[in-house]
There are 2 protein chains.
Amino acid sequence: MSNKIRVAICGYGNLGRGVEKEIVKSEDMDLTAIFTRRDPSSLVINSDTPVVSMNEMENWKEKIDVVIMCGGSATDLPEQVPEVAKMFSTVDSFDTHAKIPEYFEKVDNAAKSANNTSLISGGWDPGMFSIMRVYANSILAEGNTYTFWGKGVSQGHSDAIRRVPGVKDAKQYTIPIEDAMNRVRSGENPVLTTGEKHLRECFVVAEDGADKAEIERQIKTMPNYFDEYETTVHFISEEELKANHSKMPHGGFVIHSGETGDGNKQIIEYSLKLDSNPEFTASVLICLARATYRLNQEGKFGAKTVLDVPPAYFSKKSGEELRKELL
Amino acid sequence: MSNKIRVAICGYGNLGRGVEKEIVKSEDMDLTAIFTRRDPSSLVINSDTPVVSMNEMENWKEKIDVVIMCGGSATDLPEQVPEVAKMFSTVDSFDTHAKIPEYFEKVDNAAKSANNTSLISGGWDPGMFSIMRVYANSILAEGNTYTFWGKGVSQGHSDAIRRVPGVKDAKQYTIPIEDAMNRVRSGENPVLTTGEKHLRECFVVAEDGADKAEIERQIKTMPNYFDEYETTVHFISEEELKANHSKMPHGGFVIHSGETGDGNKQIIEYSLKLDSNPEFTASVLICLARATYRLNQEGKFGAKTVLDVPPAYFSKKSGEELRKELL
């Protein structure tokens with residue numbers, strides 16, 4: 001009998017594949033099953049993990065400690081997690097900031113009803129960036145926190161461009177404005193809108209014969225997505241898009257500018273520069289699966305967030321090892 | 001009756017003064033007493049807090065929740081904390097990395113014997129930097145973590161220079177080597193000694209008629225402190241030292257360079273740029289006093305470190321507020 005934490009994946013897209021690939025580095029864990037909404041026999045996976053229909057999850061209750069929920073935030077997670085949390089402890093990366101309190105309530109009730117623990121909104125934003133915002137705001141209460149995203153691909157903005165008539169395919173990069181970051185780093189404490197912090201760069205493949213000027217106009221004036229930003233649009237070929245823009249890099253910065261004593265400036269900065277957004281997010285979720293298992297063992301049931309997790313719970317090392325090697 | 005956390009300071013040097021100055025920003029805390037080894041009537045402080053001899057600490061047992069220990073790591077803390085932890089929950093910034101396991105044991109026994117909680121080795125390194133090393137190592141297990149210090153004043157190195165014959169006063173700055181940092185940020189994973197990561201810059205006031213060439217030689221060849229570093233020595237006047245080098249700036253960088261999937265580079269960086277090292281350290285210790293109080297209320301007795309503290313415990317905000325505002 002193994003003492004490993006038995007982990008399952010639910011949802012096999014970019015994130016699910018990332019978890020499958022990265023979990024082998026955690027010797028304290030076993031990947032037990034991959035759950036899918038699709039016909040399991042149709043799924044081509046990268047390991048010999050059993051692929052199981054989501055309809056059969058209930059039968060696996062005794063065989064799994066934590067399920068990493070890898071669906072999307074728009075519709076998958078709000079539907080799935082409150083259901084799955086009645087059967088298993090879960091980890092997810094729900095990232096619709098405004099809806100987190102409502103989502104927390106629902107998942108909390110479901111998880112508590114079955115003595116499960118559900119870690120919501122893991123990943124890096126929300127997730128690691130949230131942790132950094134809380135540390136910085138707590139330490140330097142007199143100060144301001146700025147979050148910049150990028151350079152990276154925004155899936156939501158890329159999708160929005162693809163819905164413009166005449167667009168065949170597209171990728172959108174969010175780019176933080178260096179000058180704005182440097183103003184923050186200097187301790188100036190500027191007031192900045194999201195649009196003053198970021199540029200948006202779009203690479204668009206147009207359908208044959210499409211009106212490119214009209215496409216560009218529609219993108220640049222799209223409410224919420226682009227109208228408040230400095231946006232550039234490049235038309236490129238399908239081959240070029242595939243060759244140069246098929247990776248999923250991302251990253252960002254949390255910069256806190258505070259003051260202590262008689263005008264002493266104190267700057268805290270955390271940044272991520274990621275070649276692969278889904279693989280990094282997967283790596284965070286794997287640590288959080290470990291943490292969630294430990295919280296559950298301690299009887300801490302219900303919904304939790306990264307803010308409730310001691311840093312040591314991310315690690316497979318013992319407290320003694322951590323104090324000796326990393327403190 | 002107040003519901004505030006009742007905090008005391010033990011030791012009134014730069015750090016103690018920093019805590020006294022910064023704690024007013026925490027409306028959930030009251031500064032109850034300042035304990036000193038000196039004659040209390042001789043202490044000139046910056047608030048109307050009662051100043052009490054350390055010999056009388058025992059009489060304050062019912063009036064204080066947490067004592068922030070502000071002595072030095074070399075001799076004060078190893079002596080004082082195991083004694084004080086028998087009376088009070090404590091927070092300290094013990095920073096002799098190699099001796100932490102031994103120190104932990106002693107404080108752990110003392111605190112457990114009285115159902116107290118003692119947070120050891122808070123501050124920023126060890127402290128916030130330790131947290132960052134654990135997060136990064138856990139998330140990206142395939143990777144390397146690099147810690148750079150500076151630009152900042154090293155008290156230990158400044159003291160070492162002052163012991164050289166003919167030296168009247170001195171300040172030493174530790175400076176991280178930009179080129180080494182950029183090699184790390186590129187994902188190159190170089191092997192770097194501490195000397196390859198840092199320069200040492202010394203500002204020295206010589207006694208009248210002292211042999212400056214000999215002073216410089218003695219500094220540059222001093223074992224452990226300078227011999228393995230590129231060191232520059234500037235001789236300046238006493239007035240210049242006072243005018244330009246009396247502040248206590250510091251800071252540093254924790255950079256983790258990891259890999260996921262098929263060679264995707266993932267870089268995590270955390271940095272501090274501090275105008276005042278003692279005021280920042282004080283600000284961290286104040287948050288840790290809040291956290292220590294909460295851990296103690298939960299019955300978590302004995303020695304703890306920052307790695308055992310959930311980020312939310314740093315904050316005076318509720319879980320609900322944090323999820324809404326900062327997650």
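Located above this text is the structure these notes cover.
Residues numbered from 1 in each chain as written. Chains lettered and ligands numbered in written order. Predicted model: local features only at pLDDT ≥ 70, side-chain atom pairs only at ≥ 80, totals over all residues. Heavy atoms only, no water.

K.L.:
What is the right way to look at the overall build of chain A in this model?
P.N.:
Scanning chain A for helices and strands turns up 11 helices and 14 strands. On C-alpha atoms alone, chain A measures out to a radius of gyration of 22 Å, which is about the 20 Å that the 2.2 N^0.38 rule sets for 327 residues. Taken along the three principal axes of its C-alpha coordinates, chain A extends 65 × 60 × 35 Å. Looking at the 327 residues of chain A, the share that counts as buried comes to 57%. In chain A, of all internal contacts separated by at least 6 residues, the share reaching a separation of at least 24 is 69%. Of the roughly 14000 Å² that chain A leaves accessible, carbon and sulfur atoms contribute 46%. In chain A, 38 positive and 49 negative side-chain charges are present, and the distance between their average locations comes to 3 Å. (Helix = DSSP H or I, 4+ residues; strand = E, 2+ residues; numbered from the N terminus. Rg over C-alpha atoms; globule rule 2.2 N^0.38 Å. Buried < 20%, exposed > 50% of the residue type's maximum accessible area, 1.4 Å probe, protein only. Contact = heavy atoms within 4.5 Å. Areas by Shrake-Rupley, 256 points an atom, 1.4 Å probe, with all protein chains shown as cover. Lys, Arg positive; Asp, Glu negative; His and termini not counted. Charge placed at Lys NZ, Arg CZ, Asp CG, Glu CD.)

K.L.:
Looking at this structure, how should I read the sheet that holds strand β2 (residues 29-36) of chain A?
P.N.:
Each strand in a sheet pairs with its neighbour through backbone hydrogen bonds, running either in the same direction (parallel) or in the opposite one (antiparallel). All names here are of chain A. Strands sit in the order β3-β2-β1-β4-β5-β6-β14 across an open sheet of 7 strands; the sheet is parallel. The outermost strands of the open sheet, each flanked by one partner alone, are β3 (51-53) and β14 (302-304). Averaged over all pairs of adjacent strands, the angle between their axes in this sheet comes to 25°, without regard to strand direction. Pairing geometry for β2 and β3, over 3 bridges, is parallel. (Pairing = 2+ DSSP bridges. Axes fitted to C-alpha atoms, helices over the stretch in contact; angles between N-to-C directions.)

K.L.:
Mind showing me how you'd approach the interface of chain A and chain B here?
P.N.:
Interfaces are often described in size by the accessible area the parts lose on coming together. Taken together, the contact between chain A and chain B spans 65 residues of the former and 65 residues of the latter. Buried surface at the junction of chain A and chain B, summed over both partners, amounts to about 5400 Å²; 62% is from carbon and sulfur atoms. Together, Tyr135, Arg323 and Leu327 of chain A form the three largest contributors to the area buried by chain A at its contact with chain B, with a combined 15%. Across the contact surface, chain A and chain B share 2 salt bridges. For Glu142 of chain A, the salt bridge goes to Lys25 of chain B, with nearest N and O atoms at 3.7 Å. Where chain A meets chain B, there are 31 residue pairs in polar contact (both at pLDDT 80 or more). (Buried area = accessible area lost by both parts, 1.4 Å probe. Salt bridge = Lys/Arg side-chain N within 4 Å of Asp/Glu carboxyl O. Polar contact = N/O pair within 3.5 Å; in protein donor to acceptor, adjacent residues only side chain to side chain.)

K.L.:
Mind showing me how you'd approach the packing of aromatic side chains here?
P.N.:
The geometry of two aromatic rings is summed up by the distance between their centres and the angle between their planes. Scanning the entire structure with this criterion turns up 14 aromatic pairs over all chains. When the ring of Phe94 of chain A is compared with that of Tyr103 of chain A, the centres are 3.9 Å apart and the planes differ by 15°; the resulting orientation is stacked. Geometrically, the ring pair formed by Tyr173 of chain B and Phe203 of chain B is edge-to-face, given 5.7 Å between the ring centres and 85° between the ring planes. Here Tyr173 of chain B is found in strand β9 (residues 167-176), whereas its partner Phe203 of chain B is found in strand β10 (residues 198-206), with 30 residues between them in sequence. For Tyr173 of chain B, a relative accessible area of 7% translates into the label buried. Take Phe203 of chain B: its relative accessible area is 12%, and that puts it in the buried class. Aromatic rings pair up to connect Phe35, Trp60 and Phe88 of chain A into one cluster. Sitting over the ring of Tyr173 of chain B, Lys151 of chain B keeps its end group 5.1 Å from the ring centre. The ring of Phe148 of chain B carries Lys197 of chain B above its face, with NZ or CZ at 5.4 Å from the centroid. (Phe/Tyr/Trp six-rings, centres within 6.5 Å; stacked < 30°, edge-to-face > 60°. Lys NZ or Arg CZ within 6 Å of the ring centre and 35° of its normal.)

K.L.:
Where do I start with the environment of Met248 of chain A in this structure?
P.N.:
All names here are of chain A. Tracing the backbone through its elements, the reader meets Met248 in the loop between α9 (238-244) and β12 (250-260). Separated by 28 residues in the primary sequence, Met248 and Ser276 have C-alpha atoms spaced 5.2 Å apart. The residues contacting Met248, other than those within four sequence positions of it, are Asn14, Gln155, Asp275, Ser276, Asn277 and Pro278.

K.L.:
Please clarify how the nonpolar core should be interpreted in this entry.
P.N.:
Burial of nonpolar side chains together is a common tendency in soluble globular proteins. In terms of nonpolar packing, the biggest core is built from 153 residues, with Phe35, Met128 and Met132 of chain A together with Phe35, Met128 and Met132 of chain B touching the most fellow members. Sequence-distant contacts of Met132 of chain A, that is, excluding residues within four places in its chain, are made with Val254 and Tyr270 of chain A together with Met132, Tyr135 and Tyr270 of chain B. (Core = buried A, V, L, I, M, F, W, Y, C linked by side-chain atoms within 4.5 Å.)

K.L.:
It is not clear to me how helix α3 (residues 100-113) of chain A should be interpreted in this structure. Could you clarify?
P.N.:
Since one α-helical turn is 3.6 residues long, residues separated by three or four positions face the same way. The end-to-end C-alpha separation of α3 of chain A is 20 Å, in line with the 20 Å expected for 14 residues at 1.5 Å each. Residues of α3 of chain A that are buried include every one of Ile100, Tyr103, Phe104, Val107, Asp108, Ala110 and Ala111 of chain A, and no others. Buried-residue contacts for α3 of chain A involve α2 (76-84), β6 (117-119) and β14 of chain A together with α11 (319-325) of chain B. Taken from the residues just after α3 of chain A, Asn115 of chain A is the one with a positive phi, measuring 55°. (Expected span 1.5 Å × (residues − 1).)

K.L.:
Looking at this structure, I do not really get the sheet that holds strand β3 (residues 51-53) of chain B. What am I missing?
P.N.:
Residues and elements named next belong to chain B. Pairing is parallel in the open sheet, where 7 strands are placed in the order β3-β2-β1-β4-β5-β6-β14. Every interior strand has two partners, whereas the edge strands, β3 and β14 (302-304), have only one. The average angle at which neighbouring strand axes cross in this sheet is 25°, direction not considered. Contacts between helix α2 (residues 76-84) and the sheet are confined to β1 (5-10), β4 (66-69) and β5 (89-91), with β4 contributing the most and set at about 175° to the helix.

K.L.:
In this structure, what is going on with the pairing of strand β4 (residues 66-69) of chain A? I would like to understand it.
P.N.:
The side chains of a regular strand alternate between both faces of the sheet. Residue and element names in this part refer to chain A. Alternating positions in β4 separate into two faces, Val66 and Ile68 on one and Val67 and Met69 on the other, with burial throughout. Direction of pairing for strand β1 (residues 5-10) relative to β4: parallel, over a ladder of 4 bridges. Pairing of Ala8 across the sheet is with Val67, part of β4. Regarding the hand of the β-α-β motif, the stretch spanning β4, α2 and strand β5 (residues 89-91) is right-handed. (Right-handed = clockwise from strand over helix to strand, strands pointing away.)

K.L.:
It is not clear to me how the environment of His157 of chain A should be interpreted in this structure. Could you clarify?
P.N.:
All names here are of chain A. Relative to the helices and strands, His157 is located in helix α5 (residues 155-162). Between the alpha carbons of His157 and Ala170 there is a distance of 9.2 Å; along the sequence they are 13 residues apart. Sequence-distant contacts of His157, defined by excluding residues within four places in its chain, comprise Gln172, Arg200, Tyr225 and Phe226.

K.L.:
Please clarify how the relation of the copies chain A and chain B should be interpreted in this entry.
P.N.:
One chain copy maps onto the other through a rotation about an axis and a shift parallel to that axis. Superposing chain A onto chain B takes a rotation of 180° combined with a translation of 0.0 Å along the rotation axis, leaving an RMSD of 0.1 Å. Viewed as a symmetry operation, the transformation between the two copies matches a two-fold axis. Mapped onto chain B, 100% of the interface residues of chain A are again interface residues, and the two copies thus contact each other with one and the same surface. (Least-squares fit on C-alpha atoms with pLDDT ≥ 70 in both.)

K.L.:
Sorry, what's going on with the pattern of salt bridges here?
P.N.:
One side chain can pair with another of opposite charge once the charged atoms of both are near each other. Residue and element names in this part refer to chain A. Tallying each qualifying case throughout the model produces 40 salt bridges over all chains. With a closest N to O distance of 2.5 Å, Lys25 and Glu22 form a salt bridge. Given the relative accessible area of 18%, Lys25 is considered buried. With a relative accessible area of 5%, Glu22 lands in the buried category.

K.L.:
Explanation requested: the packing of α2 of chain B against helix α3 (residues 100-113) of chain B in the structure shown.
P.N.:
Two packed helices can be described by the angle between their axes and the distance between those axes. All names here are of chain B. Between α2 and α3, the least distance of the axes is 8 Å, while the angle of their chain directions is 25°. The pairing of α2 with α3 is recorded here as roughly parallel in orientation. Contact with α2, carried on its side by Leu77, Pro78, Val81 and Pro82, involves Tyr103, Lys106, Val107 and Ala110 of α3 and no other residues of that element. (Parallel < 35°, antiparallel > 145°, perpendicular 65-115°, else oblique.)

K.L.:
What should I look at first to understand the pairing of strand β9 (residues 167-176) of chain A in this one?
P.N.:
Residue and element names in this part refer to chain A. In terms of burial, β9 is largely enclosed, as 8 of its 10 residues are buried. Relative to β9, strand β8 (residues 152-153) runs antiparallel, the two sharing 2 bridges. Pairing of Val153 across the sheet is with Tyr173, part of β9. Judged from the 9 bridges that link them, β9 and strand β10 (residues 198-206) form a sheet pairing that is antiparallel.

K.L.:
Whenever I open this one, unusual backbone geometry confuses me. Can you help?
P.N.:
It is generally the case that most residues other than glycine have a negative phi and that most peptide bonds are trans. Residue and element names in this part refer to chain A. In the segment running from Gly150 into Lys151, the intervening peptide bond is cis, with an omega of 0°. Relative to the elements of secondary structure, Lys151 occurs in the loop between β7 (143-149) and β8. The backbone of Asn224 shows a phi angle near 70°, a positive value even though the residue is not glycine. By the secondary structure assignment, Asn224 is in the loop between α8 (212-220) and β11 (230-235).

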